[in-house]
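# Summary of the model geometry
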Amino acid sequence: MTGSPTKSQILKDVASVLENRLGVVSAADLERETRFFADLGLASIDAVVLGEAVQDHYQRPLPFNLLMAEIGGRADRDLAIGELVDFIEHHLNTV
Amino acid sequence: MPRIAANNLSFHYQQAGAGPDVVLIHGLTGDLSIWFLCQAMGVIGRAHRATAYDLRGHGYSDTPPSNYTSADQAADALAIMDALGIERATLVGHSFGGVVAMHAALIAPERVTALVLSDPSFAALRHLEDLNRWGHWENFRQEAADAGVELSGEHWYDLTRFFGQVNHLDGERLLRFRQAVGLPGFNRLIKLARTTCGDDAKAESGLTAERIGEIEQPVLALFGEFSPFLATADYLTEHLPRCVQRRVPGAKHRAPEENAAAFVALVDEFLMEQRAGRVLASVRGTE
């Protein structure tokens, strides 16, 4: 991979991972506002598996433990896809 | 997704960190994500190798039709330890996971260094509890009612009855329930509801009061400040020779969710104390 992917590329990558690894059929319609649990109907265990699949895709470790702990502290325990994209983009750019 | 074959089943597991082994066992209808959401994987992983797995019938592990007693699932825990090359470990179990952890410590005491029992309820000790205090069950009943499943107040936390109702939902009520729990969660619950898990989890399966009293390992009895099972907490403290009791402030039955920071800090403190104690014993040549 040359250079870090843009946010729009990461959004496409996340959609691809959701479709291929978690069987989310509506992944093509994914938007930044789409909620991981409320809209896609996924559960926190799926977030663990998604985190792993994303790290496989980019072939580098990303601190998903921190993201999961932050979700655990939220009242609605949900995550917008845009937040996930920002998280991935931030850490792909952190050496 | 890492999977391991054990007891003729395939289990989903996750690991973090390096050091003495700690195995994390979640409760019924949950999955290993609880250990990520409460940050146990990250905190424990700083000085230990934390291994969490999905119980049979839960998360991404296989769902056999039967054999869900604490004895069966303790055998799973030990088989998973074998398969992952974990000779000895401290077992941390929440709710039914705590029952599984204790059962594993009785089956193979030489494999279990210490136990953290988070709000377990043992079939053999259920007579000690005033079940009316279990607000969690009332909340659960209300959530189920909102989603179209009516549960009788006479049958406290009866998973068999709950699963039976879920299995017989139809039409509008099925749709409402599916919307309330989400499709993947619904599919997993339906799979579990078609097993013997509900009845099996209520069985004593050899974990009698006498056997519970045989636990010799250090035990942290970690209960929510407002847990419905505080009589069990006191029983364990009185009857086990090396048991200390701690309460998680503000928590009821689900301390890892209700006060994650305090829960994980208390678990980590216990693990570090145990580790320091073992190092000292080793230096003195007593272990």
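From a predicted model like this one, the values you see are computed outputs, not experimental measurements. (Residues numbered from 1 in each chain as written. Chains lettered and ligands numbered in written order. Predicted model: local features only at pLDDT ≥ 70, side-chain atom pairs only at ≥ 80, totals over all residues.)

## Points about the environment of B:Phe162
Put simply, the rule is: Helix numbers and strand numbers start at the N terminus; a helix is a DSSP run of H or I with at least 4 residues, a strand a run of E with at least 2.
One can find B:Phe162 in helix 6 (residues 159–167). Expressed as a C-alpha distance, the spacing of B:Phe162 and B:Gly198, which sit 36 residues apart in the sequence, is 8.4 Å.

## Let's talk about the domain arrangement of chain B
All names here are of chain B. Rule in force here: Domains are outlined according to an automatic or database domain assignment. Contact definition: two residues whose C-beta atoms, as placed from backbone geometry, lie within 7 Å. Note that Gly is not counted as nonpolar here; it falls among the polar residues with everything else outside the nonpolar set of Ala, Val, Leu, Ile, Met, Phe, Trp, Tyr, Cys and Pro and the charged set of Asp, Glu, Lys and Arg.
Domain annotation for chain B reports domain 1 (3–129 + 204–284) and domain 2 (138–200). Taken together, the contact between domain 1 and domain 2 spans 9 residues of the former and 8 residues of the latter. Of the residues in the side of domain 1 that touches domain 2, the class split is 3 nonpolar, 6 polar and no charged.

## Quick notes on the nonpolar core
Residues and elements named next belong to chain B. Threshold: Think of a nonpolar core as buried Ala, Val, Leu, Ile, Met, Phe, Trp, Tyr and Cys residues chained together by C-beta atoms that fall within 7 Å. To assign burial, the other C-beta atoms lying within 10 Å of each residue's own C-beta are counted, with C-beta atoms placed from the backbone; 20 or more indicates buried, 12 or fewer indicates exposed, and intermediate counts indicate partly exposed.
Counting 110 residues, the largest nonpolar core has Ala 40, Leu 91, Leu 115, Leu 222 and Val 267 as its most contacted members. Looking at which domains feed residues into this core, each of domain 1 (3–129 + 204–284) and domain 2 (138–200) gives three or more. When residues no more than four places from it in sequence are discounted, the contact partners of Ala 40 are Leu 24, Trp 35, Ala 50, Val 264 and Val 267.

## Observations regarding the pairing of strand 5 (residues 89–94) of chain B
Residue and element names in this part refer to chain B. The cut-off we apply is this: Here, strands pair whenever DSSP counts at least two bridges between them. Seen with its strands pointing away from the viewer, a crossover is right-handed when the path leading from the first strand over the helix to the second is clockwise.
Here strand 5 lies mainly inside the structure; 6 of its 6 residues are buried. Here strand 5 shows a buried face lined by Ala 89, Leu 91 and Gly 93 and a second buried face lined by Thr 90, Val 92 and His 94. Where strand 3 (residues 21–25) and strand 5 come together, 4 bridges link them in parallel fashion. For Ile 25, the partnering residue across the bridge sits in strand 5 and is Gly 93. The pairing of strand 5 with strand 6 (residues 112–118) spans 5 bridges and is parallel. Residue pairing across strands places Val 92 opposite Val 116, the latter belonging to strand 6. Of the crossover connections in this fold, the one passing from strand 5 over helix 4 (residues 96–107) to the parallel strand 6 is right-handed.

## Remarks on the interface of chain B and chain A
The partner chain A presents 17 residues to the 19 residues of chain B that form the contact. Those elements that place two or more of their residues in the side of chain B that touches chain A are strand 2 (9–16), helix 1 (33–37), helix 2 (40–44) and helix 8 (183–193) of chain B. Of the residues belonging to the side of chain B that touches chain A, the class tally is 11 nonpolar, 7 polar and 1 charged.

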